[in-house]
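Okay, here's what each chain looks like letter by letter:
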Amino acid sequence: MTDRALQADSTAPLSSLTSALVDANDQILALYDLATITTDSLEETQSVERILAQGKKLLRADELKLLSEDDERDQPSPRMGGSTAVVSVEHTSGDRATLVARRESKPFGTPDKKLLNAVAHMALSAVHTARLHTEALQQAVVARDHAMASELAQRSLPRWRPAVPGTAIFARSDPARTAGGDLFSFAASEAHIDFVVGDVSGKGLPAAMMMSNVIMASNNAFQRHRDDGPAAMLKSIDSWTYDTLSENALFVTIVVGRYETATRTLSLANAGHSPVVFVHEDSPTSLPASCPPVGVLPGIEPEETIITIEPGDRLAICSDGFTEQENEAGEMLGEQLLDEWLLDRTLPTDQFGESMFSQLETFAGRAGQADDRTLFVLDFPGTA
Amino acid sequence: MQIEHLHDAPSNSSTLMLNGRFDAHETDAFRATFDGLNDDGIHHITVGLGDVEFLDSTALAELVRGMKRCRENGGDLVLSSLSDPVRVILELTRLDAAFTIN
């Protein structure tokens, strides 16, 4: 044996050991990269490609691919042997991942199958996480749009209150959700107040969108029928909104009113709304509707109720979210208790209105708010 | 709320007997039953409300929707045997003038 041959013989194991160490180090790095992929990316394609690349290194495979659902239909059931391995794993959500690995150098063994299974689980996890992330983003966009639309609809309610001599007005509407179907609006001069109070059937954004539509129709009716009474205004609101309400299986219970300071007369036209309570001295009287709500039958014919006002009189209009509010025992507030509350004349109108909401909160207790709540109060403290 | 369905084949009409609370939580079940009848060509439907203890505005809107669908198809939704709370709410809203009531 020559010196050169001896030298080659003695370095062969060292070279092989070095190669094995480098190989093992590469595999550890590949394992590390694989472990961090699902925590640093939420983008499905990118994550899966990185997982497959590292999985390929770990398996020393020539090819590793994730099958699509169409590819899967053509695949045999998971099998081992030769230079091809197929493994399919399923998530509890129903998501599935099938991986196919190919290697020319030597057949896959049992440890390779376990490794392939682990890589398949990681790919499935990446697909599932990315899908959840995408769904969450889509839901967030829908929720944001919904919130903005609700806010816009709720802003249709006027923030100003008429200041007409001899009157005091309170109006507040608390939707059960972000927005609701309860509404009020006004028009006024020094000599009169026109007002509308209503409740669109249903809740949430659909009712709120219709609510803003009814407010527009009401404000238009205030302008166009300035020389007419509430009945003409109500008919105008009906003609503007009937088709939209009817097509969407909605209706609106609504009261249109006018108070004229010169004649001290209050005129009301009521389409299906309750409760409408007029308080004279210590006697509350319910003012009934003269026709069904707007949106039920075409061409309503409302009649007007006309009242001559005396000092101290009060008109209160609520939505059913007041009278149908339940307490913890499941009992509804009802009109009798509401009438009793309305007799309180110890507070200025603003404070009285707020106290009504406070009393309702106390009454509801842990039962919470189930429906939109609206209260409109028109007091005549100084009418001479 | 429970919905009991009785069908009269000779007249191709149905009766839905309701009981309990008819409110926003129950309208989906009512609509599914009602629309199923309409889809089967039944447009004469009586809704029995004798055992209904409470009816809210969402339920009223559902009955109005049903009434319109039946009338559009040449039939009607008739309300029958009203309980006191139901009669009161129909009178307050003047919906008693819009429905056919037996």
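Scroll up to find the structure this text is about.
To keep things clear, this report deals only with the structure shown in the data block. Predicted, not measured: the structure shown is a model, and the values here were computed from it. (Residues numbered from 1 in each chain as written. Chains lettered and ligands numbered in written order. Predicted model: local features only at pLDDT ≥ 70, side-chain atom pairs only at ≥ 80, totals over all residues. Heavy atoms only, no water.)

### Examining the sheet that holds strand β2 (residues 84–90) of chain A
Residues and elements named next belong to chain A.
Okay, step 1: One open sheet holds the three strands; their spatial order is β1-β3-β2, and the pairing between them is antiparallel. Of all strands in the sheet, those bounded by a partner on one side alone are β1 (63–66) and β2. Strand-to-strand twist of the sheet, defined as the mean angle between neighbouring strand axes without regard to direction, takes the value 15°.
Okay, step 2: Bridge count for β1 against strand β3 (residues 96–102) is four bridges, and the pairing is antiparallel. Bridge pairing links Glu63 to Arg102 in β3. (Pairing = 2+ DSSP bridges. Helix = DSSP H or I, 4+ residues; strand = E, 2+ residues; numbered from the N terminus. Axes fitted to C-alpha atoms, helices over the stretch in contact; angles between N-to-C directions.)

### Details of the packing of aromatic side chains
Okay, step 1: Throughout the structure, instances matching the rule amount to nine aromatic pairs over all chains.
Okay, step 2: Aromatic pair A:Trp160 and A:Phe186: ring centres 5.8 Å apart, planes at 75°, arrangement edge-to-face. With a gap of 26 residues between them, A:Trp160 in the loop between α4 (110–154) and β4 (168–174) and A:Phe186 in strand β5 (residues 182–188) connect regions that are remote in the sequence.
Okay, step 3: Overall, A:Trp160 belongs to the partly exposed group, its relative accessible area being 42%.
Okay, step 4: Ring centres of B:Phe22 and B:Phe30 lie 5.2 Å apart, and the angle between their planes is 45°; on these two criteria the pair is classed as tilted.
Okay, step 5: Residue B:Phe22 is classed as buried on the basis of its relative accessible area, which comes to 0%.
Okay, step 6: Judged by its relative accessible area of 1%, B:Phe30 is buried.
Okay, step 7: Put simply, the rings of A:Trp160, A:Phe184, A:Phe186, A:Phe195 and A:Phe376 touch in pairs and so form one group of aromatic residues.
Okay, step 8: Over the ring of A:Phe357 we find A:Arg172, and its NZ or CZ is 3.9 Å from the ring centre. (Phe/Tyr/Trp six-rings, centres within 6.5 Å; stacked < 30°, edge-to-face > 60°. Buried < 20%, exposed > 50% of the residue type's maximum accessible area, 1.4 Å probe, protein only. Lys NZ or Arg CZ within 6 Å of the ring centre and 35° of its normal.)

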